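Geometric and topological summary
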Amino acid sequence: MSTSTPQDSWQNPWHDAWLPDAAFRPLGSRRVLVALGPDAGPVADTVVAEVRRATRLFGGSFTVSTPQERADGEHDLTLELGDAPQVGPDGFVLGRRDGRAYVRAGTAAGLLHGLHALVRRGEDAWGADDDEVVDVPASSLRMLDHWDNVDVHPVMGQVERGYAGGSLWFEAGRVREDLTRVAAYARLLGSVGINAVSLNNVNVHRTEARLLTDGLPDVARLADVFRPHGVRTYLSVSFAAPMTLGGLPTSDPLDADVQRWWAEAADRVWAAVPDFGGFVVKADSEGQPGPFAYGRDHADGANLLARAVAPHGGTVFWRAFVYNHTQDWRDRSTDRARAAYDHFQPLDGRFDDNVVVQVKHGPLDFQTREAVSPVIGAMPRTRVAVELQVTQEYTGHQKHVCYLGPWWSEILRFPLTQNATRTVGQIVTGLPGPADADDPDGPEAAPRRAGGVVAVSNVGDDAFWTGHPLAQANLYAFARLAWDPESDPVALLDEWIGLTFPGADPHVAATLHRLMDGSWRTYEAYTAPLGVGFMVTPGSHYGPSVDGYEYSPWGTYHFADRDGIGVDRTRATGTGYTGQYEAPWRDVYEDVATCPDELLLFFHHVPWEHRLQSGTTVVQHVYDSRADAVDEVERMVAAWADLAGLVDDALHARVTERLAEQLRSATEWRDQVRTYVFRKSGVPDASGRRIY
Ligand code: GCW
């Protein structure tokens with residue numbers, strides 16, 4: 001049994017995540033030449049610092065030279081900044097020739113990414129000569145949004161929907177003095193190619209708004225910490241800022257004073273942070289101010305900010321999460337799922353080029369299972385980004401093991417538009433799709449529409465970064481999928497395991513894989529069934545409350561009664577939501593016979609004894625899958641217990657504690673959902689398992 005404390009086994013009071021020293025051993029024991037031009041900049045300094053650190057730790061050596069000097073001396077690896085037009089601003093070439101490895105890039109950021117790609121390959125990077133790999137990110141924008149509050153919010157705390165302690169940078173009303181930990185975070189992000197962070201909550205409270213004014217020196221300090229890792233800084237702003245900060249009587253986007261106020265605000269921000277990225281905006285959503293107050297639409301609102309930031313090369317990320325959160329549950333015609341499309345699709349073509357419409361991946365709100373949002377494919381004349389949620393708001397609050405890579409991969413690979421021939425990943429990254437030749441805007445249109453891949457971060461000042469140590473894999477997988485939406489989420493899981501637990505007993509890697517690989521489906525199987533969503537405790541969104549949102553102004557009902565369950569979103573008899581999709585999905589989802597089982601209750605209201613494509617009935621599916629999933633959690637608990645002494649003690653203890661809560665919570669879900677369904681339907685469980 002290992003007796004080490006975290007402080008013994010980690011270099012810092014926080015966990016090393018996927019960058020433990022041991023992962024650098026293959027690189028650090030080699031002779032490395034870093035060939036840079038003069039004044040290569042802060043990211044190049046990071047490359048040098050990484051190599052210096054690794055070679056000092058593991059006995060290798062390194063030289064920094066200009067490209068002209070590079071022939072001198074014997075080297076095992078050359079990291080070279082030079083001409084590499086084929087890899088764009090972030091990519092790199094990696095290969096091995098005549099027994100030597102090399103990484104070449106046209107920018108320091110590309111070189112940094114190449115260095116880490118080499119680290120990820122471990123000893124394999126040092127084997128026989130290999131074909132050259134050209135690795136270019138699919139998306140030029142790979143962004144994490146942080147819902148961090150400057151002040152501790154009375155309900156939401158320091159980080160809204162944060163399950164990993166406080167904010168890494170804000171503490172009790174201000175930016176922390178000591179940003180050492182932020183630098184460690186920036187290093188983690190840079191190592192997996194994240195290149196943008198938004199610092200503050202999209203729900204902008206009064207103190208956050210001040211980041212735009214007297215908070216700017218602090219924003220600049222944070223930008224200084226992120227910059228050496230190739231990460232640009234963004235801020236969430238309030239649409240009402242001209243009034244709350246500027247003292248103007250209005251925030252009307254067509255008002256000249258308002259326009260001037262934003263232009264001056266942008267001037268101040270870029271004066272403080274010359275490479276600032278831009279603004280993220282949640283407007284007319286869940287109580288946030290927006291253009292509707294002035295009878296204007298979201299294009300008017302977004303373009304107001306876009307024109308203010310355009311002279312600086314800035315971008316506005318305008319969120320499409322707009323719906324009526326004060327609806328009446330008695331009103332059967334209002335469907336929250338329709339809202340984003342109804343608001344935004346008619347505006348296609350009206351947004352300025354430096355506006356990105358940021359769309360949640362599903363039409364509701366980051367549920368465990370939702371249909372893919374039709375908005376993503378419905379705006380061919382608009383730059384669109386997809387927004388994923390790494391923080392586990394609806395997927396177990398980082399108390400449950402829930403590896404989300406497979407879910408995001410399904411979303412990114414989903415063929416949404418143009419008769420199902422362009423995937424979400426292709427739309428948001430601009431990667432060519434098979435339908436480009438038929439594109440009404442011409443084959444070159446796809447890249448113009450690319451808005452990027454964005455997610456809500458799951459980190460905090462917790463020693464493990466993410467509360468649940470295994471939730472680090474979600475941050476890792478998101479970043480890697482943002483780089484390449486086609487990557488295999490199972491391979492990414494193994495990559496993460498290999499880096500985070502280097503040199504571990506093979507039993508450790510196998511157990512981690514076994515615990516995490518299917519964990520999203522297990523979570524789905526003990527929570528809300530067949531895509532119906534919600535059924536969570538209102539407010540916290542943790543734990544079961546089957547009718548929690550059934551009579552609520554927020555929408556999202558399941559309509560269970562003695563005869564059946566589900567939401568009729570068909571064109572024929574329901575809310576018409578299926579009509580927001582292009583063919584074939586508008587028909588696939590419309591027909592109960594072709595609608596995939598996992599989304600059946602999202603699209604249809606069916607009798608309890610409706611037979612699924614799987615052959616079982618809805619009611620029996622609910623009974624069986626909930627019970628089987630809890631059995632699986634029991635096996636997960638046992639498998640983890642078996643790793644005691646084989647992984648870091650503190651990490652083992654933390655996961656053990658979380659798994660105990662997962663088992664308790666999953667059992668509660670199982671029993672409440674099964675019992676609810678039995679009481680409504682009166683249909684007994686054919687398996688004879690206990691119902692309360
Ligand atoms: O999922 C909901 C959350 C809110 C969040 C909102 C949003 C930041 O419950 O906490 O607010 O979505 O995405 O804007």
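Residues numbered from 1 in each chain as written. Predicted model: local features only at pLDDT ≥ 70, side-chain atom pairs only at ≥ 80, totals over all residues. Heavy atoms only, no water.

**Focus: the overall build of the protein**
Looking only at helices and strands, the protein has 22 helices and 22 strands in total. In terms of overall size, the protein behaves like a compact globule, its C-alpha atoms giving a radius of gyration of 25 Å where 692 residues would be expected to give roughly 26 Å. A total of 692 residues make up the protein; the buried ones form 61% of that total. Sequence separation of 24 or more characterises 71% of the internal contacts of the protein that already satisfy a separation of 6 or more. For the protein, the computed accessible surface area is about 24800 Å², with 51% contributed by carbon and sulfur atoms. Mean positive and mean negative side-chain charge positions of the protein (63 and 94 charges, respectively) differ by 2 Å. (Helix = DSSP H or I, 4+ residues; strand = E, 2+ residues; numbered from the N terminus. Rg over C-alpha atoms; globule rule 2.2 N^0.38 Å. Buried < 20%, exposed > 50% of the residue type's maximum accessible area, 1.4 Å probe, protein only. Contact = heavy atoms within 4.5 Å. Areas by Shrake-Rupley, 256 points an atom, 1.4 Å probe, with all protein chains shown as cover. Lys, Arg positive; Asp, Glu negative; His and termini not counted. Charge placed at Lys NZ, Arg CZ, Asp CG, Glu CD.)

**Topic: the packing of helix 16 (residues 489-500) against helix 17 (residues 506-516)**
Two elements in contact, helix 16 and helix 17, have axes whose closest approach is 10 Å; the angle formed by their N-to-C orientations is 140 degrees. Considering their axes alone, helix 16 and helix 17 lie oblique with respect to each other. Handedness of the helix 16/helix 17 crossing: right-handed. Where helix 16 approaches helix 17, its residues V490, L493, D494, W496 and I497 are matched on the opposing element by A509, L512, H513 and M516. Broken down by class, the residue content of the contact of helix 16 with helix 17 amounts to seven nonpolar, one polar and one charged. (Axes fitted to C-alpha atoms, helices over the stretch in contact; angles between N-to-C directions. Parallel < 35°, antiparallel > 145°, perpendicular 65-115°, else oblique. Left-handed = near helix turned anticlockwise from the far one by under 90°. Nonpolar A, V, L, I, M, F, W, Y, C, P; charged D, E, K, R; others polar.)

**Points about the domain arrangement of the protein**
As far as domains go, the protein holds domain 1 (21-135), domain 2 (198-215 + 234-325 + 332-490) and domain 3 (524-567 + 605-681). Averaged C-alpha coordinates put domain 1 and domain 3 at centres separated by 47 Å. (Domains from an automatic or database assignment.)

**Examining the packing of aromatic side chains**
Tallied over the entire structure, the rule returns 34 aromatic pairs. Considering the side-chain rings of Y557 and F559, the 6.0 Å spacing of their centres and the 75 degrees angle between planes classify their relative orientation as edge-to-face. Take Y557: its relative accessible area is 6%, and that puts it in the buried class. Sitting over the ring of W465, R181 keeps its end group 4.0 Å from the ring centre. Over the aromatic face of Y323 sits the side chain of R336, whose NZ or CZ is 3.9 Å from the ring centroid. (Phe/Tyr/Trp six-rings, centres within 6.5 Å; stacked < 30°, edge-to-face > 60°. Lys NZ or Arg CZ within 6 Å of the ring centre and 35° of its normal.)

**A closer look at the site of the ligand**
Near the ligand you find 15 residues, and of these E160, K282, K360, D365 and E393 are the closest. Between an oxygen atom of the ligand and a side-chain N or O atom of N203, the distance comes to 3.2 Å. The side chain of R319 places a nitrogen or oxygen atom 2.7 Å from an oxygen atom of the ligand. The fraction of the free accessible surface of the ligand (340 Å²) that becomes covered by protein chains is 97%. (Near = heavy atom within 4 Å. Polar contact = N/O pair within 3.5 Å; in protein donor to acceptor, adjacent residues only side chain to side chain.)

**A word on the sheet that holds strand 13 (residues 232-236)**
Here we have eight strands rolled up into a closed barrel, ordered 7-12-13-14-15-16-17-20, and parallel in their pairing. Ignoring which end each strand starts from, the neighbouring axes of this sheet average 25 degrees apart. Pairing of strand 7 (residues 142-145) with strand 20 (residues 450-456), which is carried by four bridges, proceeds in the parallel orientation. Residue D145 lies in a different strand from strand 20, and its bridge partner there is V456. (Pairing = 2+ DSSP bridges.)

**Comments concerning helix 17**
Among all positions in helix 17, only V508, T511, L512, L515 and M516 are buried. The arc enclosing the buried residues of helix 17, seen along the axis, measures out at 115 degrees, which places them on a common side. Close packing links the buried residues of helix 17 with helix 15 (472-483), helix 16, helix 18 (519-526) and helix 21 (618-641). One side-chain oxygen of the residue at the start of helix 17 lies 2.8 Å from the amide nitrogen of H507, identifying that residue as D505. (Arc of directions from axis to C-beta.)

**Some thoughts on helix 15**
A turn of α-helix holds 3.6 residues, and therefore any two residues three or four places apart point the same way. With twelve residues, helix 15 should reach 16 Å at 1.5 Å per residue; the first-to-last C-alpha distance of 17 Å fits that figure. Where burial is concerned, most of helix 15 is hidden: twelve out of the twelve residues are buried. Among the residues making up helix 15, those that are buried are Q472, A473, N474, L475, Y476, A477, F478, A479, R480, L481, A482 and W483. (Expected span 1.5 Å × (residues − 1).)

**A few points about the confidence of the model for the protein**
In the predicted model, the protein carries a mean pLDDT of 94, and 96% of its residues have values of at least 70. Counted against residues more than four places away or in other chains, residues 1-7, with its pLDDT under 50, gives eleven contacts. (pLDDT = per-residue confidence, 0-100.)

**Some details on the environment of R30**
Checked against the element boundaries, R30 lands in the loop between helix 2 (25-28) and strand 1 (31-35). Sequence separation between R30 and D124 is 94 residues, and the spatial gap between their C-alpha atoms is 14 Å. Once residues within four sequence positions are removed from consideration, R30 is found in contact with T55, G60, S61, D76, E123 and W126. Among the polar contacts listed, one links the side chain of R30 to the side chain of E123, at a separation of 3.2 Å.

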